[in-house]
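Residue strings, one per chain:
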Amino acid sequence: QKEVEQNSGPLSVPEGAIASLNCTYSDRGSQSFFWYRQYSGKSPELIMSIYSNGDKEDGRFTAQLNKASQYVSLLIRDSQPSDSATYLCAVRIGGRRALTFGSGTRLQVQP
Amino acid sequence: ETGVTQSPTHLIKTRGQQVTLRCSSQSGHNTVSWYQQALGQGPQFIFQYYREEENGRGNFPPRFSGLQFPNYSSELNVNALELDDSALYLCASSQAGQLGGYTFGSGTRLTVV
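Sheets are built from strands that pair by backbone hydrogen bonding, the pairs being arranged parallel or antiparallel. Residue and element names in this part refer to chain B. Taking strand neighbours across the sheet as the criterion, the 4 strands line up as β1-β3-β8-β7 in an open arrangement whose pairing is antiparallel. Edge positions in the open sheet fall to β1 (5-7) and β7 (64-68), since each of these has one partner strand only. Within the sheet, the average angular offset between the axes of one strand and its neighbour, ignoring direction, is 20 degrees. Sheet analysis places strand β3 (residues 19-24) next to strand β8 (residues 74-78), joined by 5 bridges and oriented antiparallel. By the bridge assignment for β8, C23 is matched with S74.

As paired strands, strand β6 (residues 54-58) of chain A and strand β7 (residues 61-66) of chain A are joined by 5 bridges and run antiparallel to one another. Residue pairing for β7(A): K56(A) is matched across the bridge by A63(A).

With that out of the way, let us pick up the pattern of salt bridges. Tallied over the full model, the rule gives 7 salt bridges over all chains. In this structure, R37(A) engages E45(A) in a salt bridge whose closest nitrogen and oxygen atoms are separated by 2.9 Å. With relative accessibility at 36%, the residue E45(A) sits in the partly exposed group. Residue E57(A) is joined to R77(A) by a salt bridge in which the shortest nitrogen-to-oxygen separation is 3.5 Å. Taken together, the residues E57(A) in strand β6 and R77(A) in the loop between β8 (71-76) and β9 (85-92) connect sequence positions 20 residues apart. On the basis of relative accessibility, which here comes to 60%, the residue E57(A) falls in the exposed class. In the salt-bridge network here, residues are joined through shared partners; they are R63(B), E82(B) and D85(B).

Here the focus is the state of the cysteines. Residue and element names in this part refer to chain A. In the structure shown here, the tally under the stated rule is 2 disulfides over all chains. The disulfide that involves C23 links it to C89, with 2.1 Å between the sulfurs. Here the disulfide of C23 and C89 is left-handed, its torsion about the S-S bond being about -70 degrees. Here C23, found in strand β3 (residues 19-25), pairs with C89, found in strand β9; they are 66 residues apart in sequence, far enough to count as distant.

For the rest of this paragraph, the subject is the interface of chain B and chain A. Counting from both sides, the interface comprises 19 residues of chain B and, opposite them, 17 residues of chain A. Summing both sides of the interface, chain B and chain A together bury roughly 1,400 Å²; the carbon and sulfur share of this comes to 52%. On the surface where chain B and chain A come into contact, there are 0 salt bridges. Scanning the region where chain B abuts chain A turns up 4 residue pairs in polar contact (both at pLDDT 80 or more).

Cut-offs used in this document
- Residues numbered from 1 in each chain as written.
- Chains lettered and ligands numbered in written order.
- Predicted model: local features only at pLDDT ≥ 70, side-chain atom pairs only at ≥ 80, totals over all residues.
- Heavy atoms only, no water.
- Pairing = 2+ DSSP bridges.
- Helix = DSSP H or I, 4+ residues; strand = E, 2+ residues; numbered from the N terminus.
- Axes fitted to C-alpha atoms, helices over the stretch in contact; angles between N-to-C directions.
- Salt bridge = Lys/Arg side-chain N within 4 Å of Asp/Glu carboxyl O.
- Buried < 20%, exposed > 50% of the residue type's maximum accessible area, 1.4 Å probe, protein only.
- Disulfide = S-S within 2.5 Å.
- Contact = heavy atoms within 4.5 Å.
- Buried area = accessible area lost by both parts, 1.4 Å probe.
- Polar contact = N/O pair within 3.5 Å; in protein donor to acceptor, adjacent residues only side chain to side chain.

Here you go:
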């Protein structure tokens, strides 16, 4: 079992719709959770962080964390073609200094 | 405030050669982490440096080595290059003890032929 798992996609949504991206993790000691956006050929860009159960909203983005079920999700409202990218889930597993990444979900927003 | 900068941006090497990649930390950051991202995969942790010493390492062989300098900049060295070393190499700087996410540099694309 991978430590951080994501559906590779592609997830295709029409422009203006809500895109829902999911991530599960295996270690209950995980403390911090992050979402990165990566455009093709570019480096990952941090877009959201969440540390406690519940929702965290930032503009069109909402991160949701459920530690009991060991999943974290990212909702993108009013999706735009410019949101088309790979979204990486990253987890700081308890006791480790490094972030552990999932393999990413490719999102395609259709105009 | 300057961000994380990496050089070179692209590099082509022959199998068996050695390569050095460079990273300058963001101002105020004393920790540098290196990641390898193969095509279609998420970044994989190589190692982290703090106060010029390696203080964490992922599942990479010893031919991957690094340095951190007094100004907190860093180098990643890879010896005896293999075709599978072809990847995007990412550097991130942070302040020791911070729990936030990393800010990555723009990366170095290494191609081994």
